[in-house]
Amino acid sequence: MFFSVVIPTYNRLPILEKCLRALEKQTFNQDLIAGYEIVVVDDGSTDGTLAWLAERRQELPHVRSWEQDHQGPAAARNLGVKHAQGDTIIFIDSDLVVTEVFLQAHAEGLQRGKAQYNSDRVFTYGAVVNTCNFDSPESEPYKLTDYSAAFFATGNVAIAKQWLLEAGLFDTGFQLYGWEDLELGVRLKNLGLKLVKCPRAVGYHWHPPFSLQQIPKLIDQEVQRGRMGVLFYQKHPTWEVRLMIQMTRLHWLLWGLLSLGGRLNEKTMAPLLQWLIDHGRPQLALEIARIFLNWYNVQGVYAAFAESQSSH
């Protein structure tokens, strides 16, 4: 198989550099993998990403780059697939740093899945380990909070190009934050594709250490995710999707109770969160902040749903 690693990027140059250099160090069995390319799609960055890529063509021989005006990751991934020369696509994000056996692990996983299901309707999903260690992301251990129950998430996934084309690629109607990959996952599931877990294909997902300054952006993302969740439900009005987007009375009660009806929020919890950050526990602070972030998300879902009902 020939891999095309498709990476959308937007103003992420420092971590993108680590991402690309790790991908250039791949070791693999040439009987299994004929070769690979790295398809970077710049989604309208303003941090000099394209100029930096152009200057380093010789250092990054596998990289081919394309650009578009800022339209979001769905459109960027679609452009990447369109230009990909490989028969198998790997999607990762530009803040993911992979191990040297990353491609080999995905190839073995695809081969194993085809034998297991006696079908080529399979795709692999690698492990994603969240870290805020920029200097050495791969030193982060796997944590319980890194577990994902998603069927198809573009943080670390390998799939034959033909199934993406048959399913219809990503829906560019998802212009705000969230859900475009899981929505495509529903269409892939409807085509009979099976998920093969591939824990050896590890990617370390870097994000800056949590700070109180990030909270307004995180709240905005949760509200956007709520709106896009309703779009997801309109396209696939099933109970399964309602559970995924947290549009159930159970979610309303759960996050309403845990946040004391919104009284535990970014203002009232700021002293505790700052204390945890000051004592070297930014990840724990973020997990606690998720209580009120989820409450914003659930409120966003119901507000967007009510808006969609009133407009019909």
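Residues numbered from 1 in each chain as written. Predicted model: local features only at pLDDT ≥ 70, side-chain atom pairs only at ≥ 80, totals over all residues. Heavy atoms only, no water.

(A) Representation of the overall build of the protein in the model. Tallying secondary structure elements over the protein gives eleven helices and eight strands in all. Expected size for 312 residues packed as a compact globule is a radius of gyration near 20 Å; at 20 Å, the protein falls within 12% of this value. For the protein, the proportion of its 312 residues judged to be buried stands at 52%. Long-range contacts, defined as pairs at least 24 residues apart, comprise 79% of the intrachain contacts of the protein with a sequence gap of at least 6. Just so you have it, the protein exposes about 14,900 Å², and 55% of that area is on carbon and sulfur atoms. The protein carries 29 positive and 33 negative side-chain charges, and their two centres are separated by 6 Å. (Helix = DSSP H or I, 4+ residues; strand = E, 2+ residues; numbered from the N terminus. Rg over C-alpha atoms; globule rule 2.2 N^0.38 Å. Buried < 20%, exposed > 50% of the residue type's maximum accessible area, 1.4 Å probe, protein only. Contact = heavy atoms within 4.5 Å. Areas by Shrake-Rupley, 256 points an atom, 1.4 Å probe, with all protein chains shown as cover. Lys, Arg positive; Asp, Glu negative; His and termini not counted. Charge placed at Lys NZ, Arg CZ, Asp CG, Glu CD.)

(B) The arrangement of the sheet that holds strand β3 (residues 63-67) in detail. On the basis of which strands lie adjacent, the open sheet formed by eight strands has the order β3-β2-β1-β4-β7-β6-β8-β5 and mixed pairing. Each edge of the sheet is formed by a strand with only one pairing partner; in this case those strands are β3 and β5 (96-98). Neighbour to neighbour, the strand axes of the sheet diverge by 30° on average, direction disregarded. Looking at chain direction, β5 and strand β8 (residues 194-206) are connected through three bridges and run antiparallel. Note on β8: the bridge partner recorded for V98 is G203. Lying over the sheet, helix α1 (residues 13-23) contacts β1 (2-9), β2 (35-42), β3, β4 (88-92), β5 and β8, oriented at roughly 25° with respect to β5. (Pairing = 2+ DSSP bridges. Axes fitted to C-alpha atoms, helices over the stretch in contact; angles between N-to-C directions.)

(C) Spatial organisation of unusual backbone geometry. Backbone geometry places W179, a non-glycine residue, at a positive phi of 80°. Topologically, W179 is positioned in the loop between α5 (161-167) and α6 (180-190). On the accessibility criterion, W179 (9% relative accessible area) is buried. The backbone of L260 shows a phi angle near 55°, a positive value even though the residue is not glycine. Of note, L260 is situated in the loop between α9 (249-258) and α10 (270-278).

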